[in-house]
Amino acid sequence: MEDKTVVRTESAPAPFQGAPYSQAIKAAGLVFVAGQVGLPPDHGELVGDGIAEQTEQAFDNLQAILEEAGSGLDRIVKTTVFLDDFDDFAAMNEVYARRIGDGPPARSTVEVAKLPSGAKVEIEAIALV
């Protein structure tokens, strides 16, 4: 069995307050990226109050982690999008469609009661390496 490899980059936020998870794990030709919110790499404040801004930053984080793993947004095969308000779906989806490009991956989108740091959106991904 192939070993798993922890993926870590300074170009995306580190796990929250030393929480026991990795930004991503590479295994079996795939990279599994932990959910990303609209926090910049320095773990400051959310980039803004709007869903579009936060979705852009979540994609910036995903892209940085995927590139560190030897992958990219164009290699994503599955995403899960978590929204704190499903009324934000259209605005999130506009950014998502632009950032993900042609041949979009399979996706699930769910509304949740609360996200880390008061975020409006969190996106996790599985991609080919």
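Just so we're clear, the structure is a prediction, and the values are computed from it rather than from any experiment.

Visitor: Break down the overall build of the chain for me, citing the residues and quoting the values.
Guide: Within the chain, the secondary structure is distributed over two helices and six strands. Along the chain, from the amino end to the carboxyl end, the secondary structure elements read β-β-β-α-β-α-β-β. What you see for the chain is a C-alpha radius of gyration of 14 Å, in line with the 14 Å of a compact globule of 129 residues. Dimensions along the principal axes, computed over C-alpha positions, put the chain at roughly 45 × 35 × 20 Å. Burial status across the chain gives 43% buried among its 129 residues. Excluding contacts between residues fewer than 6 apart, the proportion of contacts in the chain whose partners are at least 24 apart in sequence is 69%.

Visitor: Now, about unusual backbone geometry: what can you tell me, with residues and values included?
Guide: Backbone geometry places alanine 28, a non-glycine residue, at a positive phi of 55°. Looking at the secondary structure, you find alanine 28 in the loop between strand E2 (24-27) and strand E3 (30-36). For alanine 28, a relative accessible area of 60% gives the class exposed. The phi angle at serine 117 is positive, at roughly 60°, despite the residue not being glycine. In this structure, serine 117 sits in the loop between strand E5 (106-111) and strand E6 (121-128).

Visitor: Residues and numbers for the environment of alanine 113, please.
Guide: Structurally, alanine 113 is set in the loop between E5 and E6. In this structure, the C-alpha to C-alpha distance between alanine 113 and glutamine 57, residues 56 residues apart in sequence, is 21 Å.

Visitor: Explain the side chain of glutamine 57 to me, and be specific about the residues and the numbers.
Guide: As for its position among the elements, glutamine 57 is in helix H1 (residues 51-68). Not counting the four nearest positions on each side in its chain, glutamine 57 is found in contact with Val37, Gly38, Leu39, Pro40, Pro41 and Val47.

Visitor: Please give an account of the pattern of salt bridges that cites residues and values.
Guide: Taken as a whole, this structure holds five salt bridges when the rule is applied. A salt bridge links arginine 98 to glutamate 56, with the nearest nitrogen and oxygen atoms 2.1 Å apart. Pair noted here: arginine 98 is in helix H2 (residues 89-100) and glutamate 56 is in helix H1, with a separation of 42 residues, a long-range link. Overall, glutamate 56 belongs to the partly exposed group, its relative accessible area being 23%. Between lysine 120 and aspartate 88 there is a salt bridge whose closest N-O contact spans 3.6 Å. Placement of the pair is lysine 120 in the loop between E5 and E6 and aspartate 88 in the loop between strand E4 (76-83) and H2, with a sequence separation of 32 residues.

Visitor: Any details on H1? Residues and values, ideally.
Guide: One full turn of an α-helix is made of 3.6 residues, so residues set three or four places apart face in the same direction. For H1, built from 18 residues, the straight-helix expectation of 26 Å at 1.5 Å per residue is met to within 8% by its first-to-last C-alpha distance of 26 Å. Buried residues of H1: Ile51, Gln54, Thr55, Gln57, Ala58, Phe59, Asn61, Leu62, Ala64, Ile65 and Leu66, and no others. Packing partners of the buried residues in H1 comprise strand E1 (5-7), E2, E3, E4, H2 and E6. Glycine 70 lies just past H1 and shows a positive phi near 85°.

Visitor: So what's going on with the sheet that holds E5? Which residues, and what values?
Guide: Pairing is mixed across the open sheet formed by six strands, whose spatial order is E1-E2-E3-E6-E4-E5. This sheet does not close on itself; its edge strands, each paired only once, are E1 and E5. This sheet shows a mean twist of 15° between the axes of neighbouring strands, independent of strand direction. Here E2 runs beside E3; their pairing, made up of four bridges, is antiparallel. If you follow alanine 24 over to E3, its bridge partner there is valine 33. Against the sheet, H1 makes contact with E1, E2, E3, E4 and E6, and its axis sits at roughly 30° relative to E6, the strand it touches most.

Here is what the cut-offs are and how they apply
- Residues numbered from 1 in each chain as written.
- Predicted model: local features only at pLDDT ≥ 70, side-chain atom pairs only at ≥ 80, totals over all residues.
- Heavy atoms only, no water.
- Helix = DSSP H or I, 4+ residues; strand = E, 2+ residues; numbered from the N terminus.
- Rg over C-alpha atoms; globule rule 2.2 N^0.38 Å.
- Buried < 20%, exposed > 50% of the residue type's maximum accessible area, 1.4 Å probe, protein only.
- Contact = heavy atoms within 4.5 Å.
- Salt bridge = Lys/Arg side-chain N within 4 Å of Asp/Glu carboxyl O.
- Expected span 1.5 Å × (residues − 1).
- Pairing = 2+ DSSP bridges.
- Axes fitted to C-alpha atoms, helices over the stretch in contact; angles between N-to-C directions.

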